[in-house]
Amino acid sequence: MIILIFLIGALLRFTNLNWDSFQAFHPDERNIAWAVTRIHWFDELNPKFFAYGGLPIYLYKILSDITAWATHDPSWTTDWGKIAVVGRYVSATLSSLSLPFIYLVGSRFFSPAVGVIALFFLAFSPWAIREAHFATTETMLVFFLLLLLLVSYCHCERSEAIPLRLPRPLRGLAMTIGSGIILGLAIAAKTTSLLFLVIPLSSIWLSSNVNRHRISMTFILLFATSTYFLLTSPYTVIDYPHFLESMQYETGVALGRFSVPYTLQFLHTTPYLYQIQTMLWQVGPVAIIGIVGIIMLTTNMVYMYIVSFPRKRESSFQKATKYWIPASAGMTTQKRMNVSSLLLFLIFPTLYFLWSGSWYAKFSRYTVPFLPFATLAAAWLMVFLFQKLSKQKIYLYICIFVYLLIGVSHALWGLSNWTIYLRPQTRIEASQWIYDHVPTGANLLTEHWNDGLPVDIPPHGKNPSDYPRELMAVYDADTDGKVNTLAAQLANADYIILSTRRMWGTLPHLTEKYPVTSRFYTLLLSDQLGYKEVASFTSYPSLFGIVINDDEAEESIQVFDHPTVRIFQNIQKFTKEEVEKKIKQKNILSMGS
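Quantities reported herein were computed from a predicted structural model and do not represent experimental measurements.

Visitor: Provide a residue-level description of the overall build of the protein chain, including the pertinent values.
Guide: When helices and strands are tallied, the protein chain shows 22 helices and seven strands. The C-alpha radius of gyration computed for the protein chain amounts to 27 Å, which stays within 12% of the reference 25 Å derived for 593 residues, consistent with globular compactness. Principal-axis analysis of the C-alpha atoms places the extent of the protein chain at approximately 85 × 65 × 45 Å. Expressed as a percentage of its 593 residues, the buried residues of the protein chain come to 56%. In the protein chain, 76% of the contacts between residues at least 6 apart in sequence involve partners at least 24 apart. Carbon and sulfur atoms form 64% of the exposed surface of the protein chain, whose accessible area is close to 25300 Å². For the protein chain, the separation between the mean place of its 46 positive charges and that of its 39 negative charges on side chains is 16 Å.

Visitor: Tell me about a nonpolar patch on the surface, and please be specific about residues and values.
Guide: Together, Leu385, Leu389, Ile394, Tyr395, Ile398, Phe401, Val402 and Leu405 make up an exposed nonpolar region whose accessible area comes to about 720 Å². Looking at the nonpolar patch, the elements that each hand over two or more residues are α17 (371-389) and α18 (393-418). Mapped onto the elements, Leu389 comes out in helix α17.

Visitor: Help me get a handle on helix α2 (residues 27-38), residues and values and all.
Guide: For an α-helix, the turn length of 3.6 residues means that residues three or four places apart are oriented alike. Over its twelve residues, α2 extends 17 Å from the first C-alpha to the last, a length consistent with the 16 Å expected when each residue adds 1.5 Å. Close packing links the buried residues of α2 with α3 (54-71) and α4 (80-109).

Visitor: Outline the packing of aromatic side chains, supporting the account with residue identities and numerical values.
Guide: The full count for this structure, using the stated rule, is 40 aromatic pairs. On the basis of an interplanar angle of 45° and a centroid distance of 6.2 Å, the ring pair of Phe49 and Tyr52 is categorised as tilted. Exposure remark for Tyr52: the relative accessible area of 5% places this residue in the buried category. With a centroid separation of 6.4 Å and 35° between ring planes, the pair formed by Phe386 and Tyr403 is classed as tilted. Linking Phe386 in helix α17 with Tyr403 in helix α18, this pair joins segments that are 17 residues apart in sequence. Arg427 extends its terminal NZ or CZ atom over the ring of Phe25, reaching a point 4.6 Å from the ring centre.

Visitor: Provide a residue-level description of the sheet that holds strand β2 (residues 469-472), including the pertinent values.
Guide: Strand pairing in a sheet relies on backbone hydrogen bonds. The paired strands run either parallel or antiparallel. Taken together, the five strands give an open sheet; going across it, the order is β2-β1-β3-β7-β4, and neighbouring strands pair in mixed fashion. The open sheet is flanked by β2 and β4 (531-537), the only strands paired with a single partner. Direction aside, the axes of adjacent strands within the sheet are offset by 25° on average. Alignment of strand β1 (residues 444-447) against β2, held across four bridges, turns out to be parallel. Residue Glu447 lies in a different strand from β2, and its bridge partner there is Met472. Packing of helix α20 (residues 480-492) onto the sheet brings it into contact with β1, β2, β3 (495-498), β4 and β7 (565-570), and relative to β2 it is tilted by some 145°.

Visitor: Can you tell me about the side chain of Lys482, naming the residues and giving the values?
Guide: One can find Lys482 in helix α20. Ignoring sequence-local partners within four residues, the contact set of Lys482 consists of Ala473, Val474, Tyr475, Asp476, Ala477, Tyr514 and Thr517.

Visitor: Can you explain the pattern of salt bridges? Please cite residues and give values.
Guide: Applying the stated criterion across every chain, the model contains twelve salt bridges. One salt bridge connects Lys82 with Asp73, and the closest N-O pair in it is separated by 2.9 Å. Residue Asp73 is classed as partly exposed on the basis of its relative accessible area, which comes to 22%. Across the pair Asp451 and Arg427 runs a salt bridge, and its minimum N-O distance is 3.5 Å.

Visitor: Could you give an account of the side chain of Thr225, with specific residues and numbers?
Guide: Mapped onto the secondary structure, Thr225 falls in helix α10 (residues 214-232). Classification of Thr225 as buried rests on a relative accessible area of 7%. Every residue in contact with Thr225, bar those within four places of it in the chain, is listed here: Gly180, Leu183, Gly184 and Ile187.

Visitor: With reference to specific residues and values, describe unusual backbone geometry.
Guide: The omega torsion across Trp41 and Phe42 is -10°, close enough to zero to call that bond cis. Position of Phe42 among the secondary structure elements: in the loop between α2 and α3. Cis geometry is adopted by the peptide bond preceding Pro459, which originates at Pro458 and carries an omega value of 0°. Within the element layout of this structure, Pro459 appears in the loop between β1 and β2. Phi at Ala24 takes a positive value of approximately 55°, unusual for a residue other than glycine. On the secondary structure map, Ala24 appears in the loop between α1 (2-14) and α2. Residue classification places Ala24 among the buried residues on the basis of a relative accessible area of 3%. Residues other than glycine seldom take positive phi values, yet Trp449 does so here, at roughly 70°. Take Trp449: it is sitting in the loop between β1 and β2. Classification of Trp449 by relative accessible area gives partly exposed; the value is 41%.

Cut-off values and rules
Numbers given for residues are sequential positions, taken from 1 along each chain in its written order. In keeping with the model being predicted, local features are shown solely for residues with a pLDDT of at least 70 and side-chain atom pairs are shown and tallied solely at 80 or more, while totals for entire chains, interfaces and linings include all residues. In computing side-chain properties, one takes all heavy atoms of the structure into account and sets aside hydrogens as well as water. Only DSSP runs of H or I covering at least 4 residues are called helices, and only runs of E covering at least 2 are called strands; the numbering of each starts at the N terminus. The globule rule is 2.2 Å times the number of residues to the power 0.38, and the radius of gyration it is compared with is taken over C-alpha atoms. Working definition: with a 1.4 Å probe on protein chains only, accessible area under 20% of the residue-type maximum means buried, over 50% means exposed, and in between means partly exposed. Throughout, a contact is declared for two residues whenever any of their heavy atoms are within 4.5 Å. In short, Shrake-Rupley with a 1.4 Å probe defines the accessible areas, and a residue's cover is counted only from the protein chains shown. A residue counts as positive if it is Lys or Arg and as negative if it is Asp or Glu; His and the chain ends are not included. Charge coordinates come from a single atom per side chain, which is NZ of Lys, CZ of Arg, CG of Asp or CD of Glu. What makes a patch is a set of residues exposed beyond 30% relative accessible area and free of salt bridges, joined within 9 Å when like-charged and within 5 Å when nonpolar (Val, Leu, Ile, Met, Phe, Trp, Tyr). When a carboxyl oxygen of Asp or Glu lies within 4 Å of a side-chain nitrogen of Lys or Arg, that pair is called a salt bridge. In a helix, the anticipated span is given by 1.5 Å times the number of residues less one. In summary, the pairing rule links any two rings of Phe, Tyr or Trp, Trp by its six-membered ring, whose centres are within 6.5 Å, and it sorts them by plane angle into stacked for under 30 degrees, edge-to-face for over 60 and tilted for everything else. For a ring to carry a charge above it, either NZ of a lysine or CZ of an arginine must fall within 6 Å of the ring centroid while also lying within 35 degrees of the normal to the ring plane. Pairing between strands is defined by DSSP: at least two bridges between them are needed. Every axis in this analysis is a line fitted to C-alpha atoms, fitted for helices over the stretch in contact. Angles between the N-to-C directions lie between 0 and 180 degrees.

Structure follows, in structure tokens:
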């Protein structure tokens, strides 16, 4: 069964990695690919891009060079779309390798049953399938996180899960160095992985293997981490001023200090609650089960720590962590756990959720490092409840029915998201429609901060240069100059192309910040500006004829790989003055009037 689940999970991840036909529609992929093209062995090694670390950039460069050599096609080293596809194969590979690791982590921390359920959940998780189709670092971080957790557990608990034929002191040293290498690579992938440090540090200070060597082991861990970080992301230090500038910008965006167009969707959202809502889109009910599981595990850990003192009267925290919980506290999931194991498992997701949940920016990728822990906690809770409730037949049958419902619905939710990669990309479909239905020379209006359409579709007889195209600067402040320019553009254009819901899904609600622009979108979408919607292209998650509209999800869940594209034609040809009057008036006409 384990092998079957792994194979299915790998299939879901490797399906149609070139889903955008080398167009590189994901902006982060474009930025990484741009950095890759700057690297020239060994004349120029500075990627001059620090939103991500050097590891993915150098790795993609090496693999792109190998691919170009193997195919005799040098464009694999220069074309952003092809570099992105190379990166997606890395993501799919690491996401697939994470499957056996989550099984091992679940088995070691809890029980084999927990490992199998966690493996199943991760194999079909929509977020994991989606991130495997992007050449970003999220799957890399999850892979390193699970591997680090497994190594740290073996170090802390003297487990033989990782077979090393070494004397015990050398085994502890090898585990420490291994943890440092993994952590260094993770930080070289993305700087926020610095928080991963709490896992190996906890294993060192909770382990009875290194009672007298904790400080020296800590220095060894930090040395190994620093060494491998510098080897794989050297310009983070060499070009530190630019790195610092980039981090200040990225931090400012995340915390809401800088207002940028792609974070406007987070205005008036509630911290923590919004992230939980996003996790429901990413993994379904498993997210709620996992959060409840983490809360229960934390409660048990605190209880175990407190009750250890009256009985043992030990002053050392490390001694307290070796007190075994009585069965009545609920930790009988085939394997008893102590406080050190629970703390090792819980410390990162707890700190990370409390930290990242407070951020202004709440992109779905920010929840990814938390989700493997939620998955494991959900699996643990289900096994725990099954053991408690299965003693009576009626509860046993109810439990089996509910668990089958959860498992089937989770698999169907994952498969419905997977079908997105079986269908043509909506931007490409829309581009084909434009070439087939819009006459050459028609004036097209597209939005700032969105991909302009049509895109080039070889060997089609037409290309984007056949259509004059103007950008609507909708994110600019609503000044008289903007209104005047927008009215002139709307009067002169033949078609408006909205290539994602990034603007029309957010700006109509920001009436205080964008009073005119919000009215513009409200009127446009209700056919009151002389434009009529003549085509739309969607690719929602769907299965067996059931379609799930994800327009309400956090926009990055949709806008990269399956955005809704809407095309409007200028039918009534209002003059500039008429358009300006409509979008300036205070009382918007009722919908459909």
